[in-house]
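# Observations on the model geometry
Next come the chains, spelled out residue by residue.
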Amino acid sequence: MDVVQWESISVDEVEFCFLFGQNRTRDVTGARPNFILILVDDLGIGDLGCFGNDTLQTPHVDRLAREGTKLTHHIAAASMCTPSRSAFLTGRYPVRSGMASNDGTRVIYSLGDTAGLPRNETTFAELLRDQGYSTALIGKWHQGLNRHVRGDHHHHPSQHGFDYFYGMPLTLVDTCWPDPSRDTELAFSGRMGRLVQHLIALAVVTFVLGIVLRWFCVCCLLVPVSVLLIVLLSYFWSESHQSSRYWDCLLMRGHDITEQPMKAERAGSIMVEEATAFLERNQNGPFLLFFSFLHVHTPLPTADAFLGTSSHGLYGDNVQEMDAMLGKLLEAVDRLALTNQTLVYFASDHGGHLEARRGQTQLGGWNGRFKGGKGMGGWEGGIRVPGIVRWPGQVTTGQVIDEPTSLMDVFPTVVALAGAEVPQDRQIDGRDLMPLLLGQQQHSEHEFLFHYCEVYLHAVRWRPRHSPATWKVHYVTPVFQPPGAQGCYRSYFCPCSGDQVTYHDPPLLFDLSRDPSESTPLTRDTETLYDVVIRKVGEAVREHRRSVLPVPIQLSRPRNRHDPWLRPCCGLFPFCLCDREGRR
Ligand SMILES: *[C@@H]1O[C@H](CO)[C@@H](O)[C@H](O)[C@H]1NC(C)=O
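Conventions used here
Residues numbered from 1 in each chain as written. Predicted model: local features only at pLDDT ≥ 70, side-chain atom pairs only at ≥ 80, totals over all residues. Heavy atoms only, no water. Helix = DSSP H or I, 4+ residues; strand = E, 2+ residues; numbered from the N terminus. Buried < 20%, exposed > 50% of the residue type's maximum accessible area, 1.4 Å probe, protein only. Contact = heavy atoms within 4.5 Å. Areas by Shrake-Rupley, 256 points an atom, 1.4 Å probe, with all protein chains shown as cover. Salt bridge = Lys/Arg side-chain N within 4 Å of Asp/Glu carboxyl O. Near = heavy atom within 4 Å. Polar contact = N/O pair within 3.5 Å; in protein donor to acceptor, adjacent residues only side chain to side chain. Phe/Tyr/Trp six-rings, centres within 6.5 Å; stacked < 30°, edge-to-face > 60°. Lys NZ or Arg CZ within 6 Å of the ring centre and 35° of its normal. Patch = residues over 30% accessible without salt bridge, like charges linked within 9 Å, V, L, I, M, F, W, Y side chains within 5 Å. Pairing = 2+ DSSP bridges. Disulfide = S-S within 2.5 Å. Axes fitted to C-alpha atoms, helices over the stretch in contact; angles between N-to-C directions.

Within the protein, the secondary structure is distributed over 14 helices and 18 strands. Within the protein, buried positions represent 59% of all 584 residues. Across the protein, every contact between residues at least 6 apart in sequence was considered, and the portion connecting residues at least 24 apart equals 74%. Split by element, the accessible area of the protein, about 23,900 Å² in all, is 58% carbon and sulfur.

Moving on: the pattern of salt bridges. Applying the stated rule across the entire model yields 24 salt bridges. Among the salt bridges present, the one from glutamate 581 reaches arginine 253, with a minimum N-O distance of 2.8 Å. Separated by 328 residues along the polypeptide, glutamate 581 in the segment after strand S18 (578-579) and arginine 253 in strand S5 (residues 251-253) bring together distant segments of the chain. Taken together, the shared-partner salt bridges in this structure form one network comprising Glu380, Arg384, Arg461, Lys472 and Glu518.

Every residue lining the ligand is accounted for by Gly46, Asp47, Gly52, Asn53, Asp54, Thr55, Leu56, His312, Tyr315 and Trp366. In this structure, aspartate 47 approaches the ligand through a side-chain N or O atom, which is 2.6 Å from an oxygen atom. Take asparagine 53: an N or O atom from its side chain is 2.3 Å from an oxygen atom of the ligand. Here the ligand has 360 Å² of accessible area as a free molecule, and 72% of this is covered by the chains.

As a further point, take helix H3 (residues 81-90). With respect to burial, H3 is a largely interior element, ten of its ten residues being buried. Of the residues making up H3, those classed as buried are Cys81, Thr82, Pro83, Ser84, Arg85, Ser86, Ala87, Phe88, Leu89 and Thr90. One or two residues past the end of H3 sits glycine 91, with phi positive at roughly 70°.

What follows covers the packing of aromatic side chains. Here a ring pair, both rings aromatic, is described through the centre-centre distance and the interplanar angle of the planes. Counted by the stated rule, this structure contains 13 aromatic pairs. A centroid spacing of 5.4 Å and a plane angle of 55° characterise the contact between phenylalanine 88 and phenylalanine 290, whose relative ring orientation is tilted. With phenylalanine 88 in helix H3 and phenylalanine 290 in strand S7 (residues 287-292), the pair connects residues that are 202 residues apart, well separated along the chain. You can call phenylalanine 88 buried: its relative accessible area is 1%. Clustering of aromatic rings is evident, with ring pairs tying together Phe88, Phe124, Trp141, Phe162, Phe290 and Tyr345. The side chain of lysine 70 reaches across the aromatic face of phenylalanine 51, ending 5.3 Å from its centre. Residue placement shows arginine 567 over the ring face of tryptophan 247; its charged tip is 4.3 Å from the ring centre.

A cis amide bond, omega -5°, links histidine 295 with the succeeding residue valine 296. Position of valine 296 relative to the elements: it lies in the loop between S7 and helix H10 (313-335). Of note, the amide linkage connecting arginine 557 to proline 558 takes the cis form, showing an omega dihedral of 5°. Relative to the assigned elements, proline 558 resides in the loop between helix H14 (530-547) and S18. Even without being glycine, glutamate 454 reaches a positive phi, approximately 55°. Structurally, the position occupied by glutamate 454 is in the loop between strand S14 (448-453) and strand S15 (456-462). The exposure class of glutamate 454 is buried, given its relative accessible area of 11%.

The next subject is a nonpolar patch on the surface. Among the surface-exposed residues, Val196, Ile200, Val204, Phe207, Val208, Ile211, Val212, Trp215 and Phe216 lie close enough to one another that they form a single nonpolar patch of about 1,000 Å² accessible area. Note that phenylalanine 216 resides in the loop between helix H6 (183-214) and helix H7 (222-242).

For strand S4 (residues 164-168), the buried fraction is high: five of the five residues fall into the buried class. In this structure, strand S3 (residues 134-140) lies alongside S4, joined through five bridges in parallel fashion. Each residue of the ladder has a partner; that of glycine 139, found in S4, is glycine 167. Bridge count for S4 against S5 is two bridges, and the pairing is antiparallel. Its bridge partner being in S5, tyrosine 166 is matched across the sheet by arginine 253.

A word on the state of the cysteines. Cysteine pairs can be covalently joined through their sulfur atoms, and such a bond is termed a disulfide. For the structure shown, the criterion picks out five disulfides. Here cysteine 569 is linked by a disulfide to cysteine 576, with a sulfur-sulfur distance of 2.1 Å. Where cysteine 569 bonds to cysteine 576 through sulfur, the torsion about that S-S bond is close to -100°, and the disulfide is left-handed. One exposure class covers both cysteine 569 and cysteine 576, and it is buried. Each disulfide pairs two cysteine sulfurs, and for cysteine 570 the partner residue is cysteine 578, the sulfurs being separated by 2.0 Å. On the S-S bond that ties cysteine 570 to cysteine 578, the torsion sits near -135°, and the link is left-handed.

Once that is clear, we can look at the side chain of histidine 153. With respect to the element layout, histidine 153 can be found in the loop between S3 and S4. Setting aside residues up to four positions removed in sequence, histidine 153 forms contacts with Leu145, Asn146, Gln159, Met252 and His255.

Strands sit in the order S14-S15-S16-S17 across an open sheet of four strands; the sheet is antiparallel. On the outer flanks of this sheet lie S14 and strand S17 (501-511), each paired with one strand and no other. Here the strands of the sheet are splayed against their neighbours by 20° on average, with no regard to which way each runs. Bridge count between strand S16 (residues 471-478) and S17: seven bridges; the pairing is antiparallel. Within the sheet, the bridge partner assigned to threonine 477 lies in S17 and is threonine 502.

Turning our attention to the environment of aspartate 103. Mapped onto the fold, aspartate 103 is located in the loop between helix H4 (94-97) and helix H5 (124-130). Of the residues examined, aspartate 103 reaches a relative accessible area of 42% and is grouped as partly exposed. C-alpha separation for the pair aspartate 103 and serine 556, spaced 453 residues apart in sequence, amounts to 6.3 Å. What aspartate 103 contacts, discounting residues up to four positions off in sequence, is Glu454, Ser556 and Arg557. Side chain to side chain, aspartate 103 and threonine 105 meet in a polar contact 2.7 Å long.

Once that is clear, we can look at the environment of arginine 106. Relative to the helices and strands, arginine 106 is located in the loop between H4 and H5. Looking at arginine 106, the relative accessible area reads 7%, which means it is buried. For the pair formed by arginine 106 and threonine 82, sequence separation is 24 residues and the distance between their alpha carbons is 7.7 Å. Discounting chain neighbours no more than four positions away, the residues touching arginine 106 are Ser79, Met80, Pro83, Ser101, Gly375, Cys453, Glu454, Cys494, Pro495, Cys496 and Leu555. Within the structure, the side chain of arginine 106 is placed 2.6 Å from the backbone oxygen of glycine 375, a separation counted as a polar contact.

Interpretation in functional terms is not warranted from these geometric data alone.
Here you go:
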């Protein structure tokens with residue numbers, strides 16, 4: 001144990017108590033831990049060895065689970081990235097911050113979008129920074145960037161409590177990794193081919209025109225040359241304008257763009273180096289590192305060393321690369337002797353994406369026995385994610401908690417352990433995980449969890465205190481297509497409202513403790529408690545609705561507009577090309 005660290009912590013404690021005039025009781029050591037919060041993007045609960053996968057190799061995630069506690073009933077607040085992460089950062093349902101949509105805009109789609117996490121929302125990073133923690137976000141943000149003009153960075157991570165940022169302000173999109181074996185690349189090379197053809201034609205025309213004009217005067221040569229230049233410039237601009245590869249696939253360090261477009265297959269290893277350097281700089285703590293993987297979102301950019309290493313194609317290779325990167329991170333934690341004073345949390349932002357596939361090849365994750373996946377607000381496969389918490393000497397090793405917990409719980413847990421207080425002026429939906437993790441409590445604090453798809457309430461989970469049941473009531477479910485399929489294969493994501501959903505009256509009822517796959521709805525005939533449960537859950541919905549105050553919807557119009565001029569550019573516009581990581 002690092003003596004210097006203990007000393008500095010006790011000084012902090014004294015100052016803290018002095019400032020606030022009260023002595024907080026902490027049921028744990030009394031020392032404030034460091035935090036490493038890890039989210040994987042789109043990882044399915046069925047993709048990890050420690051969650052029952054026997055063909056994918058994830059030894060480092062498995063190690064975390066062995067050395068910590070596994071949350072097997074861990075629920076995301078939304079089934080898409082942007083809203084789920086807003087809820088994670090703030091401990092609140094996305095409808096409360098307005099980080100939800102009502103027009104099918106499920107996430108922030110481009111760096112030209114004006115949407116972002118409102119500045120008056122409070123993240124755990126902000127509260128921890130105020131407690132003297134060094135805070136960093138390394139990896140994916142996806143909570144907005146610019147709002148009024150290019151470069152205003154109104155929604156930048158630094159506006160939400162992160163001292164240090166390295167990563168993607170957006171998220172991986174399919175154009176980010178033009179793998180030669182894939183269609184996006186064909187489309188890309190198709191465009192390049194057309195460009196070359198046009199340029200040749202243009203050069204010939206200009207040349208001929210030039211010779212003809214030269215008969216008359218030399219100065220006239222200026223005309224075709226300028227025409228050529230203007231055409232060339234506008235062609236380049238319109239080409240890059242179309243391709244989100246230039247405009248969305250970029251990396252930043254702090255407020256500076258380091259790569260545009262990015263080399264997606266090396267971003268992960270730079271992230272690990274950045275994280276290691278952050279840990280080294282802050283080994284005397286306390287720190288909060290939110291390591292937000294770009295893995296395992298499509299297009300699954302994977303370094304050559306991992307291609308072909310799994311028995312599950314590109315997706316499996318990408319999962320195994322993610323695991324190896326986690327291994328390097330844990331190795332750095334061990335090497336710096338931070339293991340015992342660091343709480344490590346690991347989860348996915350929502351379920352695997354069933355509809356992400358090319359032909360017979362599955363490009364999205366596997367949600368095990370749970371029905372549905374990413375984009376489906378109510379079905380378990382969209383929101384049940386793997387969760388692990390490790391804190392040696394504090395959190396029981398090898399424990400499994402099957403009580404409902406939420407990604408939103410990280411907020412109050414981390415805030416309390418850091419000695420801060422959650423905001424009192426707003427509704428916080430997360431609950432402190434420590435009583436469960438320390439075995440002081442057997443039951444989830446979440447009696448009800450509400451499952452939204454955009455702003456629409458699709459389902460509710462009820463975990464009664466004195467019953468083995470976990471009821472799930474569905475009011476709305478998506479219409480799977482083609483008929484008989486288990487996803488929305490015609491539209492890539494299942495919609496949340498309109499004629500592509502079914503409104504259930506009477507609602508569908510399942511008991512997850514008997515039917516985790518939500519395969520057979522219970523009815524009045526098969527479940528004597530049917531009416532009681534529906535009534536009780538209905539009351540909870542009414543009470544919950546009363547607690548949701550009207551706020552501007554951030555992800556839909558008019559607040560969310562697409563303005564191409566907001567998109568960041570590292571060079572002389574429109575030549576937004578740079579690589580400041582060339583040495584690697
Ligand atoms: C393991 O994960 C792969 C890739 O997602 C999946 O295809 C396979 O079905 C999973 N195996 C088990 C036993 O869950």
